[in-house]
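Structural features, examined
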Amino acid sequence: MRTLLNRHDKIPFPENDQIHFMQQALLEGRKGLGLTSPNPPVGAIIVDDNGEILGRGFHSKAGTAHAEVKAINDVIEKFGPDRLRGTNLFVTLEPCSTQGKTPPCCEAIIRSGIRRVFAAIDDPNPDHAGAAAAILNEKGVSVTTGILEEDAKYLIRFFQKRIETGKPWVIAKTAMTLDGHTTLPPERGQWISGLESRDDVQHLRRQCDAILVGGETVRTDDPMLTLRGKYAEGREQPERIVVTAVKDLPLRAKIFNDKHAHRTHVYHAQKLESILDDLGRRGICSVLMESGGSLFSHAIGRKLIDEVVFYMAPIIGGGPNTVMPVSGIMADLEDLSVEMIGRDIRVTARVVK
């Protein structure tokens with residue numbers, strides 16, 4: 001934790017309180033997941049010295065007000081501008097210090113009379129990292145950074161990957177039996193996972209900018225690859241990316257004929273690395289790969305997957321397809337999380353590179 005204090009100033013909150021308030025800011029930031037690309041999701045709250053939360057805000061769309069400005073406006077609408085004097089801003093990412101589609105948040109903070117800023121992490125862009133602390137401190141605002149850093153980095157992992165590498169963050173999702181089968185015998189129907197898991201996939205899709213499948217998935221399953229119901233509210237449908245080695249995709253497939261057909265893009269006979277580069281150039285920060293085992297094995301072997309989400313059903317055995325049909329490919333996982341989703345087990349982990 002790093003602090004730039006001004007003369008005669010002091011931090012009004014012990015470390016446990018700082019953590020609590022940053023958790024509240026992170027909750028705000030998570031509301032923007034899937035809505036902000038190519039910007040990061042950011043949350044902010046404003047607190048007085050007695051610990052009362054006066055205002056909240058989160059970034060909801062690129063080109064609109066940032067989380068800090070929304071929190072400031074929230075306080076103004078409820079209490080008037082004078083209530084901001086001497087308050088404390090908790091924000092999940094260092095405030096922006098340069099003009100973009102919106103004015104820099106540092107200016108709004110200085111004008112508001114906020115006295116202290118608590119930021120979880122610095123901007124991952126090396127051209128901007130740490131600039132806000134110097135600007136704010138020069139204008140009499142104390143700055144503390146480094147509160148719940150790992151949680152804040154996880155919140156912006158899609159944005160950070162693209163900033164640092166030019167490629168989107170890739171999540172590979174699949175449903176399987178306990179022994180690794182990804183299909184069932186025809187008489188058992190299509191679905192391995194339960195209703196709760198399929199609803200959870202909608203939540204996961206909502207966070208991502210694009211859904212990527214192989215051509216065989218389109219030919220065999222004719223998927224819609226859309227957000228539905230409440231998960232489609234307040235955002236555009238994800239881009240639909242099809243990777244295929246041959247051109248015999250069925251022209252009657254749903255993804256070529258529904259009202260979102262303009263968001264379907266086919267990459268023919270191109271390396272997955274170059275496809276991800278192109279998606280990054282187009283401003284896509286996150287890709288949900290819902291492919292079969294062959295494409296999954298290729299991507300994991302080329303170290304192109306950042307995170308896996310497996311829905312494991314309480315079934316043994318199944319059809320001929322498996323999650324890893326190619327022998328000799330291995331990957332180590334870390335930050336493992338296991339949770340029951342209805343009758344299924346959801347395993348989430350990062351891929352060690």
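Residues numbered from 1 in each chain as written. Predicted model: local features only at pLDDT ≥ 70, side-chain atom pairs only at ≥ 80, totals over all residues. Heavy atoms only, no water.

So, the packing of aromatic side chains
The condition is simple: A pair of aromatic rings is counted whenever rings of Phe, Tyr or Trp (Trp by its six-membered ring) have centres within 6.5 Å, and the orientation is called stacked for planes under 30 degrees apart, edge-to-face for over 60 and tilted otherwise. Helix numbers and strand numbers start at the N terminus; a helix is a DSSP run of H or I with at least 4 residues, a strand a run of E with at least 2. For each residue, the accessible area found with a 1.4 Å probe, counting protein chains only, is set against the maximum for its type, and the residue is called buried under 20%, exposed over 50%, and partly exposed in between. The rule for a charge over a ring is simple: NZ of Lys or CZ of Arg within 6 Å of the ring centre, and within 35 degrees of the ring normal.
Taken as a whole, this structure holds six aromatic pairs when the rule is applied. With a centroid separation of 6.1 Å and 50 degrees between ring planes, the pair formed by Phe13 and Phe90 is classed as tilted. Residue Phe13 is found in the loop between β1 (2–4) and α1 (15–30), and its partner Phe90 is found in strand β4 (residues 88–91); the two are separated by 77 residues along the sequence. Like Phe90, Phe13 is buried. Their ring planes at 70 degrees and their centres at 6.1 Å tell us that Phe296 and Phe310 sit as a pair that is edge-to-face. Residue Phe296 is found in helix α10 (residues 293–301), and its partner Phe310 is found in strand β12 (residues 307–313); the two are separated by 14 residues along the sequence. The burial state of Phe296 is the same as that of Phe310; both residues are buried. Every member of this aromatic cluster is reached through a ring pair, and the members are Phe13, Phe21, Phe90 and Phe118. Across from the ring centre of Tyr154, 3.8 Å away, lies the NZ or CZ of Arg157, which sits over that ring.

Some thoughts on the nonpolar core
For soluble globular proteins, nonpolar side chains are generally found buried alongside one another. Keep this limit in mind: The nonpolar core is taken to be a set of buried Ala, Val, Leu, Ile, Met, Phe, Trp, Tyr and Cys residues, with the residues joined through side-chain atoms within 4.5 Å. Note on contacts: a residue pair is in contact if any heavy atoms of the two residues lie within 4.5 Å.
In this structure, Met22, Ile46, Leu89, Phe90, Ile114 and Val117 are the most contacted members of the largest nonpolar core, which totals 40 residues. If you list the elements that add at least two residues to this core, you get α1, β2 (43–47), α2 (67–79), β4, α3 (105–112), β5 (116–119), α4 (131–138) and α5 (149–155). Sequence-distant contacts of Val117, that is, excluding residues within four places in its chain, are made with Leu89, Val91, Pro95, Ile109, Leu136, Val141, Ser142, Val143 and Thr144.

A few points about the sheet that holds strand β14 (residues 344–351)
The following threshold applies: Being paired, for any two strands, means DSSP has found at least two bridges between them. Here an angle of 0 to 180 degrees is reported between the N-to-C directions of two axes, which are lines fitted to C-alpha atoms, with helices fitted over the stretch in contact.
Spatial strand order, β10-β9-β8-β11-β7-β12-β14-β13: eight strands in an open sheet with mixed pairing. Strands with a single pairing partner mark the edges of an open sheet, and in this sheet they are β10 (264–268) and β13 (333–341). Neighbour-to-neighbour, the strand axes of this sheet turn through a mean angle of 20 degrees, independent of strand direction. Note: strand β8 (residues 210–214) against strand β9 (residues 239–244), five bridges, orientation parallel. In the strand pairing of β9, Leu212 is matched with Ile241. Helix-sheet contacts for helix α6 (residues 157–165) involve β7 (169–177), β11 (286–289) and β12, and the interaxial angle to β7 is about 130 degrees. Its contacts with the sheet place helix α7 (residues 195–207) against β7, β8, β11, β12, β13 and β14, and it is angled at close to 165 degrees to β12.

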